[in-house]
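Each chain, letter by letter, is given below.
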Amino acid sequence: MGLTKQYLRYVPAGNFNIIASQNCNLKFVTLEGQEGRFVAVGACEHVIIWDLRLGEKAQVLPGEKASVTALCASPNKRHLAVGYSDGNIQIYDLKSAEVISIFSGHRSDITTLAFDSYGHKLASGSKDTDVIVWDTVAETGLCRLSGHKGPITQIAFMSQHNILISGSKDSFVKFWDLDTQHCFKTLTGHRTEVWGLSLVKDDQYLVTGCGDAELRVWKLSQKDPDTENKSSIDHLTSTLELIDLHESDDLNHPLQCHKIGSLLRAGKGRVVSMFCDGSGQVIGCHGTDTQLELFYFCSDDEAQVRLKKRLKKERKNKKEIEGQEIQLDLQLSLRDQVKRLVPIRLSNKPKSLDLVLGNGGELRVSVNLSNNTVELYTIQTAVKNSEATCLRSIVSQGHHSEVRSVCFSNDNLAIASGSAEAVKMWNRPSQACLRTVETGYILSCIFVPGDRHVLAGLKNGALLIIDIAAGDILEEIPAHTEELWAICLQPDQRGCVTGGGDKTVKFWQFELVVDEKSESKAKVLSLLHVKTLKLEDSVLCVKISPNGKFIAVGLLDTTVKIFFIDTLKFYLSLYGHKLPVLCLDISSDSALIATGSADRNVKIWGMDFGDCHKSIFAHDDSVTGLQFVPRTHYFFTCGKDGKVKQWDGDSFEKIITLQGHAGEAWALAVSPNGQFVVSCGADRVLRLYEKSEQPLVLQDEQEEEREQQEVLATGEQTVIPGQSGLNLPSKKTVGSEKAADSILECLEICEKYKEQLAEHEALQAASSRTLPPPQPPLLMQALNVSTPDDFLLETIRRIRPSDLEEALLLLPFASVCEVLQILPALIARGDQIELVCKICIFLLKLHHSPIVANHTLLVTLKQLQKLAFTKVQELRDLVGYNLYGMQFIQREIEAAEGVQLFRDATLEKKKGDKKRKKRENLKRSMIVLNS
């Protein structure tokens with residue numbers, strides 16, 4: 001099919017103005033071996049790593065389309081796990097900024113991520129109420145934990161036990177045993193949603209935060225498995241220890257949990273976020289106000305010192321104290337173990353924080369604020385009443401509120417953007433901020449011819465003349481008494497037109513006046529009011545036709561009035577919209593006028609008779625921006641649905657939907673040469689698009705949009721019918737479907753090639769001369785393999801590990817039987833033993849009954865059993881030999897260097913001492929109670 005009309009595709013050329021997204025946490029990361037200097041933040045679909053020493057971007061981890069919602073750094077400081085709003089998780093290598101693993105299992109936004117102490121497991125929580133544990137080494141899902149009835153808010157691994165703790169908006173905290181993949185305990189002591197939890201002091205305590213002003217502290221204790229062999233006193237001691245346990249607690253499980261106290265917050269509202277530093281000593285939390293609170297958990301020695309000071313103070317305050325009370329006060333309480341640090345007063349409401357504690361007691365706190373800024377504070381934990389000091393604030397790289405207006409310079413090299421507090425000038429090639437001018441609430445802006453000045457319209461009706469070079473406001477003109485919604489240059493470049501909410505359109509002329517304030521008496525730009533057009537309703541948008549004959553005015557009464565520009569006489573009234581017209585533009589040849597309205601429609605009209613050529617349902621919400629591409633009838637629109645679309649004004653077809661904003665899109669601008677488009681929105685991002693040389697076919701774009709809608713419709717978790725226990729942690733994706741198709745195609749090609757080989761052997765047996773063998777299929781040649789077995793192994797090896805199980809699940813049973821018959825040969829060769837055995841076990845688990853019932857597969861199953869057992873045993877022996885060999889080499893090296901070899905024995909002795917001290921303290925309290 002030939003191309004009837006060829007369009008060129010606009011592609012994303014960069015995002016700027018965003019410092020940190022509000023709906024994503026931030027994390028300290030280690031780059032170049034330096035900790036506490038670099039912080040990773042979500043910036044819509046990308047991840048930006050800021051250098052807080054230089055205040056610059058150190059690295060950008062690019063994403064695709066979904067916004068970043070959660071971050072987590074691995075314990076080895078090499079990787080960063082990133083969760084997205086579409087439920088996918090990507091793990092980046094911080095050194096190379098490349099994606100090394102992709103996990104797809106959740107159906108909605110990722111809300112929290114957590115690595116275990118070794119970094120081998122990654123747990124993810126989502127708004128779909130499920131928790132999934134992933135194996136980062138094998139790049140597959142381990143289990144899906146379902147039980148919560150609300151979105152997951154935070155999760156944490158225990159370092160000493162294979163246990164995961166999760167908090168949710170259903171007000172419950174659940175303990176999951178990952179060995180059995182079941183919940184063995186649920187904390188029900190919270191009255192509202194659980195917004196945060198943290199493990200502190202080597203998993204001795206669990207701190208949870210919810211909607212009230214109380215941080216609940218829970219003691220995690222390990223029950224001795226040898227309780228039956230203890231004496232009666234020890235048994236009574238363990239019973240006393242379990243008195244305060246919750247009724248729903250599983251007393252048979254070795255891990256027990258009970259509440260020991262609360263920490264009262266001074267902040268207002270619920271706990272927005274709560275995080276702990278890597279050492280588990282300091283907890284930071286904040287509410288809905290501007291106060292950030294820090295709690296320091298003292299070591300055992302520090303707690304004993306604080307206890308002695310407290311007892312000394314109590315003895316001094318009380319003259320007569322009974323001995324029994326003294327005995328009871330000897331117990332460590334929560335106020336002895338927790339020290340409240342001086343709270344940090346922030347300049348704006350915080351959204352997230354992260355902590356890192358240095359060796360010298362220096363605590364660094366990084367905060368993501370709601371006004372698109374990131375701040376770094378330092379505080380000395382060892383110094384009493386130490387005040388926090390701000391080391392760095394990343395402020396100037398972005399607006400602190402939503403950008404409401406954008407425009408291009410006449411040379412296509414600069415962009416001006418206006419928000420509620422400032423106007424910023426950006427360099428388009430480098431996307432760097434050049435100037436920031438503090439102003440009021442900006443609603444419209446435009447460059448003056450010559451690109452040395454910018455006109456900005458304010459919400460209070462004032463018109464500002466801004467000098468770009470000086471970064472200063474030259475003049476503030478009271479142009480309108482209400483909002484100044486629109487500014488438009490006149491075609492002769494000698495003046496401009498403004499429209500405001502005071503029902504007037506004013507014409508202005510540029511002039512140079514002598515600056516009386518300066519000593520040099522130099523001339524500066526000013527505006528001279530020429531004439532005023534009064535209308536019946538508020539003016540929302542204004543545009544002058546390029547031929548200079550007409551002026552079109554969009555009114556609040558849903559109509560567009562067109563007047564002769566010289567006499568201001570009425571020419572046409574364009575009516576048909578059901579809601580006010582928010583934007584309009586006229587094509588370069590003055591033949592078409594396009595209007596966008598709050599009724600979600602775009603109407604294309606003729607300028608000659610005012611007839612409506614076409615009405616297009618353009619967006620799912622109000623159309624907020626519209627502009628023609630110069631010298632064409634193509635135009636771009638943006639709306640409150642966040643999308644940016646390109647349309648053909650002649651054929652009335654949608655050309656392409658560009659990657660839009662997360663939230664409302666407020667305005668857009670097309671460069672004078674038509675090569676660039678910039679849009680702004682509620683997500684604080686300025687998105688730049690560039691015209692490429694890549695051709696675009698409308699049918700292909702429509703097909704891609706249909707596929708994307710199908711992808712959104714799919715993605716439910718996989719539950720195998722008849723096998724309730726086989727609830728896969730993955731979900732069906734486009735990648736898994738393509739992987740299944742590749743396996744089916746491989747099996748089909750292998751079958752045809754085997755038939756060709758069989759025919760060749762038959763002909764060779766009948767012929768007296770040597771016949772050339774048949775050429776392998778093209779796909780086999782492309783993968784550089786020569787046998788069907790190698791072809792199947794290479795095809796499966798190229799499938800992403802997280803999609804492999806879903807791909808095998810989509811295979812029909814006949815194809816499963818073919819794969820099983822090929823597996824013995826692959827196992828016997830010894831290549832990719834782990835992968836082949838994994839496929840074998842999964843297929844047998846999935847199709848156990850039909851496979852066992854199929855008598856033709858019995859021989860194959862026996863071969864698989866024998867070969868797999870032998871090869872896995874050889875692999876186990878190899879791994880064991882290498883492990884003990886490396887341990888022997890380590891002992892040799894340590895012995896040569898004189899290093900102590902009994903680290904494990906020392907740790908065991910410390911654990912035994914802790915248990916003995918706890919037992920003695922409980923005995924002492926029991927004796928006191930009996931006395």
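Residues numbered from 1 in each chain as written. Predicted model: local features only at pLDDT ≥ 70, side-chain atom pairs only at ≥ 80, totals over all residues. Heavy atoms only, no water.

Undergrad: How should the environment of His258 be read in this particular structure?
TA: Within the secondary structure, His258 is located in strand 21 (residues 255-264). On the accessibility criterion, His258 (12% relative accessible area) is buried. Spatially, the C-alpha atom of His258 lies 5.4 Å from that of Lys219, the residues being 39 residues apart in sequence. (Helix = DSSP H or I, 4+ residues; strand = E, 2+ residues; numbered from the N terminus. Buried < 20%, exposed > 50% of the residue type's maximum accessible area, 1.4 Å probe, protein only.)

Undergrad: How should the pattern of salt bridges be read in this particular structure?
TA: Counted by the stated rule, this structure contains 26 salt bridges. The residue Glu214 makes a salt bridge to Lys259 at a minimum N-O spacing of 3.3 Å. Highlighted residues: Glu214 in strand 20 (residues 214-222) and Lys259 in strand 21, separated in sequence by 45 residues. Assessed through its relative accessible area of 35%, Lys259 is described here as partly exposed. What you see here is one network of salt bridges that share partners, running through Asp212, Glu214, Arg216 and Lys259. (Salt bridge = Lys/Arg side-chain N within 4 Å of Asp/Glu carboxyl O.)

Undergrad: When you look at the pairing of strand 39 (residues 484-489) in this model, what are you seeing that I'm missing?
TA: Remember that side chains alternate between the two faces of the sheet whenever the strand is regular. In terms of residue burial, strand 39 counts as a mostly covered element, since five of its six residues are buried. Taken together, the five bridges between strand 39 and strand 40 (residues 495-500) define a ladder with antiparallel strand orientation. Opposite Cys488, over in strand 40, you have Val497 as the bridge partner. The hairpin turn running from strand 39 into strand 40, its antiparallel successor, is five residues long, and Gln493 in that turn takes a positive phi close to 65°. (Pairing = 2+ DSSP bridges.)

Undergrad: I tried to follow empty space enclosed by the protein on my own but got confused; where do I start?
TA: Any space left empty among the atoms is revealed by the rolling of a water-sized probe across them. By the definition in use, this model includes two cavities of 30 Å³ or more. One number sums up the size of the largest cavity: a volume of about 60 Å³. Around the largest cavity sit Trp134, Thr140, Gly141, Pro729, Ser730, Pro801, Ser802 and Glu805, which together line it. Elements with a contribution of two residues or more to the lining of the largest cavity: strand 13 (140-146), strand 59 (727-731) and helix 9 (801-809). Taken together, the residues of the lining of the largest cavity break down into three nonpolar, four polar and one charged. Volume-wise, the second largest cavity comes out at about 30 Å³. Forming the boundary of the second largest cavity are Lys654, Ile655, Leu698, Glu701, Gln702 and Glu705. Contributing elements (two or more residues each) for the lining of the second largest cavity: strand 54 (654-658) and helix 5 (698-713). Here the element with the most residues in the lining of the second largest cavity is helix 5; it accounts for four residues. The residue makeup of the lining of the second largest cavity, split by class, is two nonpolar, one polar and three charged. (1 Å grid on protein atoms, 1.4 Å probe; cavity = no way out; pocket = protein on both sides within 12 Å on 5 of 7 lines; lining within 4 Å. Points joined across faces, edges and corners; volume = space filled by probe spheres on them. Nonpolar A, V, L, I, M, F, W, Y, C, P; charged D, E, K, R; others polar.)

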